[in-house]
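Summary of the model geometry
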Amino acid sequence: TQHLLLTSGDFAQRSFNAMTIGWGSLGIMWGRPFVQVVVRPVRYTYEFTERYDTFTVCAFPLKYAKALNLLGAKSGRDGDKIAQSGLHPVASLKVAAPSYAEAELALECREIYWDDIDRGHFLDAGIEGKYPRKDYHRIYYGQIVAAYAAPRYKARAASS
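On a predicted model such as this, the values are computed, not experimentally measured, just so you know.

The rules behind each value
- Each chain carries its own residue numbering, running from 1 in the direction its sequence is written.
- Reporting in this predicted model follows two pLDDT cut-offs: at least 70 for local features of residues, and 80 or more for side-chain atom pairs to be given and counted; totals over whole chains, interfaces and linings ignore these cut-offs and use all residues.
- Side-chain numbers come from the whole structure's heavy atoms, not from hydrogens or water.
- How sure the predictor is of each residue is captured by pLDDT, a score from 0 to 100.
- Under the scheme used here, helices are H or I runs from DSSP no shorter than 4 residues and strands are E runs no shorter than 2 residues, and both carry numbers assigned from the N terminus.
- To sort residues, take the accessible area from a 1.4 Å probe on protein chains only and compare it with the maximum for the residue type: under 20% means buried, over 50% means exposed, and anything in between is partly exposed.
- Within this analysis, the arc is defined by the directions that extend from the helix axis to the C-beta atoms.
- Should any heavy atoms of two residues lie within 4.5 Å, those residues are counted as being in contact.
- Strands are labelled as partners when DSSP assigns at least two bridges between them.
- Here the axes come from fitting lines to C-alpha atoms, over the contacting stretch only for helices, and the angles between their N-to-C directions go from 0 to 180 degrees.

For the rest of this paragraph, the subject is the confidence of the model for the protein. This prediction gives the protein a mean pLDDT of 93; 93% of its residues lie at or above 70. Ranking the elements of the protein by mean pLDDT puts helix α4 (residues 151–159) last, at 59, and strand β6 (residues 89–90) first, at 98.

Okay, structure coming up:
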């Protein structure tokens with residue numbers, strides 16, 4: 001499974017955190033390209049998505065799967081898990097949140113909307129089982145303000 005890395009905070013201030021994500025979406029909303037990510041309030045990254053108004057979503061070659069697994073399993077509250085992962089944060093082009101030198105795809109986003117998942121809106125009762133601790137995700141919509149990709153992504157886009 002290919003996961004993505006969500007990073008929120010400010011690279012210049014050295015105040016940011018990252019977490020591996022497997023849920024989200026891309027599209028157009030309100031006439032703007034967007035990324036939708038979801039973060040549980042118990043996650044350390046939640047504090048950064050609340051405090052800062054930008055985030056990045058990055059994809060990596062499969063050889064970085066171990067690093068992404070570490071970033072999804074460990075909390076940044078317990079130490080510098082990004083340094084432990086071996087990934088190298090770099091300044092983004094248009095947002096304060098960092099991207100990564102190793103990323104093949106980086107989407108730089110400015111938060112434009114958020115909402116909390118409301119259990120009363122589940123139309124499928126089975127979804128409630130995903131929340132045994134009742135720690136419902138917060139949904140963030142980020143307008144994509146910059147995107148860059150490795151040549152192999154560009155080649156696919158051009159041939160589509």
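There's plenty left to go through after this.
Of the residues making up helix α2 (residues 65–73), those classed as buried are A67, L68 and L71. All buried residues of α2 fall inside an arc of 95° around its axis, so they share one side. When the buried face of α2 is taken as reference, the exposed residues oriented beyond 90 degrees from it are K66, N69 and A73. Each element contacted by the buried residues of α2 is listed here: β1 (4–10), β2 (15–21) and α3 (81–85).

Turning our attention to the sheet that holds strand β8 (residues 105–116). Reading across the sheet, the seven strands line up as β2-β1-β5-β8-β9-β4-β3 and stay open at both edges, with antiparallel pairing between neighbours. Sheet topology places β2 and β3 (25–29) at the edges, where each strand pairs with a single neighbour. For this sheet the average axis-to-axis angle between neighbouring strands, irrespective of direction, equals 35°. With 11 bridges connecting them, β8 and strand β9 (residues 138–149) associate as antiparallel partners. Directly across from D115, in β9, lies its bridge partner I139. Of the strands in this sheet, β1, β2, β4 (32–39), β8 and β9 touch helix α1 (residues 44–51), which is tilted by about 120° from β2. Each of β1 and β2 touches α2; the most contacted strand, β2, lies at about 110° to it.

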